[in-house]
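Structure assessment
Listed here are the chains, written in short residue letters.
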Amino acid sequence: NPTTAPMVRLLHSLLSPKSLIFGGSGEFLEQILAFCSEEGVQQGSVEGMIAFAMAIRASLGVLDAELEAGCGGAARAGADDVTALGTPAIVFPAVDRFLASVHAKLGLEANLIKTVSYISPDHAAELDRVRVMYGVPLGFACSADGSIALGIKIYGIPLGSVEFVALTLASKCNQITGTSQKLNSLLGLKHKQALWAITVNSTAHKGGYWAQHCFPDENIDFCLGVDNAILKQASVALGCDPTTDWLAHKRLYLPTRLAGLGLPSLSETRSAAFVASAARAATSFLDQHDATGTVTVHGVLERPSIAERIGRDSFAAPGSQGWRKFGDSGSRLGAAIIATGTALRARVPPGYTGELRVLRVPPEEMGLRGKGLHGAGLQAAITSDLQQIEHETLSEQLAHRPRGDRQMQLFRNISRESMIVFTVLPAGLAKVPNDEWTEISARALGLPSPACAHLVGRPLPQVSGRNTTHVDPYGDTLAAATNFQGGHFAKLQHDPVVRAVARFATVYGCTQAQAENSEIFGSVLRQNPGSMRTEEALLRARAATVDVYVELDQPDGQAAVGHIVEMKTVHYGLTHYNAVAPTRGHAVENRSGKLDAERRRQLQQTDREVFRTREGQVGPMEQRLNGFPPVIGIATGGFGEQSKSLDNLLKNFAGMGAETWMGKLSAPTTMQARNTLLGLMRKELGVIVARGHARLILARARSLHTQTARAAAGARGAPWFQRTGRSANGPEDAPAHADGAYRDDNWRSHNADRGARLGRGGRGGRGGQGTRT
């Protein structure tokens, strides 16, 4: 075959190896059959469809020409799915000759079981007279009550009676729902994060094809049914039910750039999908001409009847008639485009002043190439406009709430960085255990903490001079407690971020950095003789420890200069989250902005205590600080948000290492390498921050439960692990998982130094007994 000859060697290398054949039903092919693929294309091979299309192209072109000449019809194919359009008297003989041609040239035979026909009811008698001669049945669908609806599916899209379209879409909805239910049963118990990744990246998009290509008045029930299945799957995957809180339910469908979880909603986006799909198709039907009348782009369905309805060169430039002629032509598609565009514009609230890309454009101009928005770009732009309106509407609804309203503070402080954990795939550090994942999900959505559900109302250890606080449903007081047995767990939030920043600097920024540097100010004690110190300070062995020391490039290109970076974590409470009309991330911005002055006051206090300096006198510690640029304060917040200074630091690292990493990343430019490095650091840091807060809540919830159990069972003669509230198979402070087990690897990784001091012996695997001293 001259069409496929140039690809013979490529196809042979790809398809000649034998491959296994999998069997099963639907989307779950789980059974390996007893034979292999030895001839032709392989099961599921993408290149097989390309080879098939190339092989039948010549014969298909002849069929298309016959139908156009005979009745103005056409023939098109999607891989091996061939559709012929025209009058029955012309179509059936032409198709018969086409089948004879591909059989003679390629040895192919039509699958008559899947070959069906359809025509509008007005011409049913004409179709019946001809199709019987060729043995081609009518296309139909059967309802539950046994009634028959006539129609045909073209590339999976139903075309026919209203009943046929409804039955086909209902069947597809049931199929997607069944797939969703099976995923819930397979992954919902032990692999929630993996289920979420499948939900947001795969299952939620399965209905998009039908939302694009079916008329909006036909697919509403289908879209609602699929959305309902996806919502149930998302609830299983997140480990909490977003529908219990109106704001959480709304934010579930907002994109991550607007502090949502990024779950697509068919019922919300179906109109945008239809308009974009219709515009992409209709504007490609006819040839496009330049000012001289020369064809610049050949249309895919150049027919006089199409030109009469749409109007030639209607979409050539702004100012052309656009969809007006098509909308007034009596075409159902043209009328649907205008009506759907009008309905989309009506969703803009009266008096809305925000900038919109599409929804202010008249419906007859949507999708014009001259506007720069067509095809997939048009759908994305319309969806973005709708999401922006939704986000600003929510902001307006929450704007007048009191400053202590948690929903308002959550919505105004949570950021894109807070949502990064929901966009990464579960691998390596980003693979989150179920108990941490459900805590992260509940925190991000503003829902009650699963770990605190059985602790709500219990008193926390009292701080001297303060009123007793109790565990709240969200775990805010538990995380913020300052006098808490097992308080070392606070390092689960702070230290991983500090270590990550130092590692980013050395690995990605290719510069010198060190986490928890005690030498900068510790050396001051060694450099000053003991006679300068107070008697009490002679015993002082430690000085202030710097969270991160890092050398950063200077804007003028001079040599890198060492900087001090100080890190703080901010927990939710009115101390920090107290703005009446808060700006985005105000809590972490306020906290990080104070760290330079705080560090200076601490060192001045140390100078007074150790070196007897007077008020206003610069002591050795402060003098050492003066040798550095201002302290870079960074902070993470109670909702996973990060200060701008932290993101700026990551940008600095990415810029410093871009040239070195450009070759390793195969990036064509340093700017692309910089953006890649920045994306990697943002994702990793977003996961670290989210997991740190979840680990803190889990660890403290377990510790509080232990203390309560000790008080209740200490006086009884119970086994030691019941009296202390411990597990016989796990350490006292190990974070508890949802199933009640302990994850020893997590506990050891964050408490290895503590375990060494306690003298714990080898555990010999999960559930082993260690020695205790």
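Here the structure is shown first, and the text comes after it.
Read on for a plain summary of the structure. (Residues numbered from 1 in each chain as written. Predicted model: local features only at pLDDT ≥ 70, side-chain atom pairs only at ≥ 80, totals over all residues. Heavy atoms only, no water.)

Description of the pairing of strand E4 (residues 81-85)
Filter applied, for reference: In this description, strands pair whenever DSSP reports at least two bridges between them. In this text, helices come from DSSP runs of H or I with a minimum length of four residues, and strands from runs of E with a minimum of two, each type numbered from the N-terminal end.
Taken together, the five bridges between strand E3 (residues 74-78) and E4 define a ladder with antiparallel strand orientation. From the neighbouring strand, alanine 75 faces E4, where its bridge partner is alanine 84. The hairpin turn running from E3 into E4, its antiparallel successor, is two residues long, and alanine 79 in that turn takes a positive phi close to 55°.

Observations concerning the pattern of salt bridges
To be explicit about the condition: Salt-bridge detection follows one rule: a side-chain nitrogen of Lys or Arg within 4 Å of a carboxyl oxygen of Asp or Glu. Throughout, exposure labels follow a simple rule: accessible area from a 1.4 Å probe, protein chains only, divided by the maximum for the residue type, with under 20% read as buried, over 50% as exposed, and the rest as partly exposed.
Evaluation of the coordinates by the stated rule reveals 24 salt bridges. Taking the shortest distance from any N to any O, the salt bridge between aspartate 476 and arginine 443 comes out at 2.6 Å. Of this pair, aspartate 476 sits in helix H18 (residues 476-480) while arginine 443 sits in helix H17 (residues 434-445), placing them 33 residues apart in sequence. Here the two residues aspartate 476 and arginine 443 agree in accessibility, since each one is buried. Close ionic contact of arginine 503 with glutamate 684 constitutes a salt bridge, the shortest N to O distance being 2.4 Å.

As for the state of the cysteines
For clarity, the cut-off: Throughout, disulfides are identified as pairs of cysteine sulfur atoms within 2.5 Å of each other.
Evaluation of the coordinates by the stated rule reveals zero disulfides. With no disulfide of its own, cysteine 173 has cysteine 223 as its nearest cysteine by sulfur position, at a separation of 9.1 Å. Owing to a relative accessible area of 10%, cysteine 173 belongs among the buried residues under this scheme.

Thoughts on the packing of helix H5 (residues 162-187) against helix H6 (residues 192-201)
If you want to describe how two helices pack, look at the angle between their axes and the distance between the axes. Operational definition: Only C-alpha atoms enter the line fits that serve as axes; for helices the fit covers just the stretch in contact. Angles between N-to-C directions range over 0 to 180 degrees. Geometric relationships in this document are graded by angle, where less than 35 degrees denotes roughly parallel, more than 145 denotes roughly antiparallel, 65 to 115 denotes roughly perpendicular, and other angles denote oblique. Two helices cross in a left-handed way if the nearer one is turned anticlockwise from the farther one by less than a right angle. They cross in a right-handed way if the turn is clockwise. Here a residue-residue contact requires only that any non-hydrogen atoms of the pair lie within 4.5 Å. Each residue is assigned to one of three groups, with Ala, Val, Leu, Ile, Met, Phe, Trp, Tyr, Cys and Pro labelled nonpolar, Asp, Glu, Lys and Arg labelled charged, and all others, Gly among them, labelled polar.
The interhelical angle for the contact between H5 and H6, taken along N-to-C directions, is 160°, at an axis separation of 9 Å. By the angle between their directions, the pair H5 and H6 is classed as roughly antiparallel. The handedness of the crossing between H5 and H6 comes out as right-handed. Side by side, H5 and H6 meet where Leu183, Asn184 and Leu187 of the first sit next to Lys192, Leu195 and Ile198 of the second. A breakdown of the residues in the contact of H5 with H6 according to their chemical character gives four nonpolar, one polar and one charged.

Structural notes on the packing of aromatic side chains
The condition that has to hold: Two aromatic rings, drawn from Phe, Tyr or Trp (for Trp, its six-membered ring), form a pair once their centres lie within 6.5 Å of each other, and the interplanar angle then sorts them: stacked below 30 degrees, edge-to-face above 60, tilted otherwise. Whether a charge sits over a ring comes down to the Lys NZ or Arg CZ being within 6 Å of the ring centre and within 35 degrees of the ring normal.
A full pass over the atoms with the stated rule returns 13 aromatic pairs. Relative to phenylalanine 326, the ring of tryptophan 323 lies with its centre 6.2 Å away and its plane at 35°, an arrangement referred to as tilted. Across the pair, exposure class does not vary: tryptophan 323 and phenylalanine 326 are buried alike. Here the aromatic rings of phenylalanine 422 and tryptophan 437 are separated by 5.3 Å at their centres, their planes lie at 65°, and the arrangement is edge-to-face. You can see phenylalanine 422 sitting in the loop between helix H16 (416-419) and H17 and its partner tryptophan 437 sitting in helix H17, a full 15 residues away along the chain. For the pair phenylalanine 422 and tryptophan 437, one class covers both residues: buried. Following the ring pairs from residue to residue traces out a cluster consisting of Trp196, Phe422 and Trp437. Here the basic side chain of arginine 332 rests over the ring of phenylalanine 215, its NZ or CZ set 3.8 Å away from the ring centre. Geometry around tyrosine 572 places arginine 406 over its ring, the cationic atom sitting 5.4 Å from the centre.

A few points about the sheet that holds strand E6 (residues 148-154)
A sheet is described by the order of its strands in space; here three strands give the open sequence E5-E6-E7, paired in antiparallel fashion. Either end of the sheet is taken by a strand with one partner, and the two such strands are strand E5 (140-142) and strand E7 (157-160). Pairwise comparison of adjacent strand axes, ignoring direction, gives a mean angle of 50° for this sheet. Pairing geometry for E6 and E7, over four bridges, is antiparallel. By the bridge assignment for E7, isoleucine 152 is matched with leucine 159.

Points about the side chain of arginine 682
Here is the rule we go by: Pairing of N or O atoms within 3.5 Å defines a polar contact, subject to two protein rules: one partner must be a possible hydrogen donor and the other a possible acceptor, and residues neighboring in sequence count only if both atoms are side-chain atoms.
The residue arginine 682 is located in helix H25 (residues 670-713) in this model. Only 2.8 Å separates the side chain of arginine 682 from the side chain of aspartate 647, close enough to count as a polar contact. Once residues within four sequence positions are removed from consideration, arginine 682 is found in contact with Arg416, Ile420, Asp647, Leu650 and Lys651.

Regarding the sheet that holds strand E12 (residues 561-569)
Strand order in this open sheet of four strands is E10-E11-E12-E13, and the pairing throughout is mixed. Both edges of this open sheet fall to strand E10 (513-517) and strand E13 (632-636), since each of them pairs with a single strand only. For this sheet, the mean inter-axis angle between neighbouring strands, taken without regard to orientation, is 30°. Contacts from helix H21 (residues 586-593) reach E12 and E13 within the one sheet, and its direction differs from that of E13 by about 150°.

Structural notes on the nonpolar core
In summary, soluble globular proteins display a tendency toward joint burial of nonpolar side chains. For clarity, the threshold we go by: Among the buried residues, those of types Ala, Val, Leu, Ile, Met, Phe, Trp, Tyr and Cys that are joined through side-chain atoms within 4.5 Å form a nonpolar core.
Counting residues in hydrophobic clusters, the biggest one holds 54 residues, and the most contacted among them are Trp196, Phe222, Leu238, Leu261, Leu263 and Phe422. At the level of elements, H5, H6, helix H7 (208-213), helix H8 (216-238), helix H9 (246-252), H17, H21 and H25 are the ones that each hand at least two residues to this core. Per element, the largest residue contribution to this core is eight residues, and it comes from H8. Excluding its chain neighbours within four sequence positions, the residues that come into contact with phenylalanine 422 are Trp196, Leu238, Leu261, Trp437, Ile440, Ser441 and Ala444. In terms of nonpolar packing, the next biggest core, distinct from the first, is built from 30 residues, Val275, Leu286, Trp323 and Tyr352 among them.

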